[in-house]
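If you want the building blocks of each chain, they are given just below.
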Amino acid sequence: MRGLIDAHAHLNEIEALGEALAEARRVGVAQVVAMGMERLSNEQNLRLALQYPGQVRPALGYHPWSLEAEQVDATLAHIREHLPQCVALGEVGLDYKVKVPKKLQQEVFARLLEIAAEQDKPAVVHCRFSHLRAYAMVRAAGLRRAVFHWYSGPLDVLDAILADGYFISVTPALAYSPPHRAAAQHAPLDRILVETDSPVSYQGRPSRPADLLQTIEQLSQLKQIPMEETARTTAGNARRFYDLPAA
Ligand SMILES: [Zn+2]
């Protein structure tokens, strides 16, 4: 397979990254969208995009896990300034399972969505235990493109997400997570992005971008669509979503 796109990875957290990216290329993962969590990883992503031109596509984000009230203004200013060089705003969103106050999460997320809307960039949205609120905020911000990352939420919220033209993404957790499988089953293939969220561990094993093949294989089995077609369609989805050239 060729021209595959890992729609979501945390490259700055991967050990021996050069080797991991070479391995990804060997199995056909031609492009990887690098997610940012806070100022430091955002800066690392901008550098990685220069170091691996054409393969690493940078996104800038501010993850709900990483929020610190006194860093918000500076982090958002840095994102606003550098987002034009990036393919997306991400990773951003809400996480109602962490201790970070919901009010702070919502304030920051709303300001981030405003920046994405101004620059017409797609948003990559973390929505753990906050699916409905995260979706409602994206819609209210008037975003044209958003992907609800690793979607494992209610199917009625998923219907609303799809009706608005938004996407979900799927990970290797398709192998074992019933709510994630249900979402992947429910969404049409042309609204699904495939990703690894690497280096996240799946059942104890840390992932790398080359594991995108596992995501594709799981999705192909679940939807009973041949692996080639699953790969081709989802790569096309990612190219359109992130506005990427064919590689
Ligand atoms: Zn992530």
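Heads up: these notes are all about the structure in this document. (Residues numbered from 1 in each chain as written. Predicted model: local features only at pLDDT ≥ 70, side-chain atom pairs only at ≥ 80, totals over all residues. Heavy atoms only, no water.)

1. Here's the deal with the overall build of the chain
- On a plain count of helices and strands, the chain comes out with nine helices and 10 strands.
- Each of the three principal axes of the chain carries a C-alpha extent, and together these read 45 × 40 × 35 Å.
- When the 247 residues of the chain are sorted by exposure, 56% land in the buried category.
- Residue pairs at least 24 apart in sequence account for 70% of intrachain contacts in the chain once pairs closer than 6 positions are excluded.
- Only carbon and sulfur atoms are counted for the fraction: they give 51% of the accessible area of the chain, which is about 10,500 Å². (Helix = DSSP H or I, 4+ residues; strand = E, 2+ residues; numbered from the N terminus. Buried < 20%, exposed > 50% of the residue type's maximum accessible area, 1.4 Å probe, protein only. Contact = heavy atoms within 4.5 Å. Areas by Shrake-Rupley, 256 points an atom, 1.4 Å probe, with all protein chains shown as cover.)

2. A short note on the coordination of the zinc ion
- Only H8 (NE2), H10 (NE2), E91 (OE) and D197 (OD) from the protein reach the zinc ion as donors, at distances of 2.1 to 2.3 Å.
- Considering all four donor atoms around the zinc ion, angles at the metal cover 84 to 170° and the coordination shape is irregular.
- In the primary structure, the donors to the zinc ion are separated according to the pattern H-x1-H-x80-E-x105-D. Taken together, the positions of H10 in the loop between β1 (4-9) and α1 (17-26) and E91 in strand β4 (residues 88-95) put the pair 81 residues apart, joining distant regions of the chain. Each member of the pair, H10 as well as E91, is classed as buried. (Donors = N, O, S within 2.8 Å, 3.2 Å for Na, K, Ca; no water. Tetrahedral: all angles 85-135°; square planar, octahedral: opposite > 155°, others 65-115°.)

3. A closer look at the sheet that holds strand β2 (residues 29-34)
- Spatial strand order, β1-β2-β3-β4-β5-β6-β7-β8: eight strands in an open sheet with parallel pairing. Strand pairing shows two members of the sheet lacking a second neighbour, β1 and β8 (192-194), which therefore form its edges. Shown here is a sheet whose adjacent strand axes are inclined to one another by a mean of 30°, direction ignored.
- In this structure, strand β3 (residues 56-60) lies alongside β4, joined through two bridges in parallel fashion. Considered in β4, the bridge of L60 is made with L89. (Pairing = 2+ DSSP bridges. Axes fitted to C-alpha atoms, helices over the stretch in contact; angles between N-to-C directions.)

4. Regarding the side chain of Q105
- Relative to the helices and strands, Q105 resides in helix α4 (residues 102-119).
- For Q105, the contacting residues outside a window of four places in its chain are P64, L67, G93, L94, D95, Y96, V98 and V100.

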